[in-house]
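If you want the building blocks of each chain, they are given just below.
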Amino acid sequence: MVHIVHCELFGLGVANIFRSFFSTYPATGSFSRSAVNHESGAQTGLSRISMGIIICSALLFMTPLFEYIPQV
C-alpha cells in the first residue's frame with residue numbers, strides 16, 4: 001500500500017507541475033477513501049462502488065445544507 005500511495009503522490013506532483021504552465025486547477029486524489037478501504041480490509045471493486053454510491057447520495061441529499069455556510 002505504501003508503494004502505491006508513493007507512486008500516486010509522485011504522479012500527482014508531476015501532473016501539478018505541468019498544469020502550472022497552462023494555468024489550470026491543481027489535481028488532487030482521494031487518499032482518504034483508499035486508506036479507509038485498505039484499513040477495513042476491502043479486497044474487491046465492490047467496495048469502491050459502494051463508496052461511490054455513498055458519496056453520490058451525500059452530494060445529492062446534503063448539498064442544500066451547504067447553503068448556510070458563510071462565504072468570505
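The rules we used
Residues numbered from 1 in each chain as written. Predicted model: local features only at pLDDT ≥ 70, side-chain atom pairs only at ≥ 80, totals over all residues. Heavy atoms only, no water. Helix = DSSP H or I, 4+ residues; strand = E, 2+ residues; numbered from the N terminus. Buried < 20%, exposed > 50% of the residue type's maximum accessible area, 1.4 Å probe, protein only. Areas by Shrake-Rupley, 256 points an atom, 1.4 Å probe, with all protein chains shown as cover. Contact = heavy atoms within 4.5 Å.

A. Summary view of the overall build of the chain. Of regular secondary structure, the chain possesses 3 helices and 0 strands. Each helix (α) and strand (β) of the chain, taken in turn from the N terminus, gives the series α-α-α. Taking all 72 residues of the chain together, 7% fall into the buried category. Accessible surface, the chain as shown: approximately 6,500 Å² in total, 70% of it carbon and sulfur.

B. Local environment of the environment of Ala-27. Turning to its location among the elements, Ala-27 is positioned in the loop between α1 (2-19) and α2 (31-39). Beyond its immediate sequence surroundings of up to four residues, Ala-27 is in contact with Leu-12, Asn-16 and Arg-19.

C. Representation of the environment of Ser-47 within the structure. Among the structural elements, Ser-47 can be located in helix α3 (residues 46-62). Taking the C-alpha atoms as reference points, Ser-47 and Asn-37, separated by 10 residues in sequence, lie 7.1 Å from one another.

D. Main features of the environment of Ser-34. Positionally, Ser-34 belongs in helix α2. Separated by 14 residues in sequence, Ser-34 and Arg-48 have C-alpha atoms that sit 8.7 Å apart.

E. Inspection of the side chain of Ser-47 at higher detail. The class of Ser-47 is buried, set by a relative accessible area of 17%. Not counting chain neighbours up to four residues away, the residues in contact with Ser-47 comprise Asn-37 and Ala-42.

Scope: geometric values only; no functional claims are made or implied.
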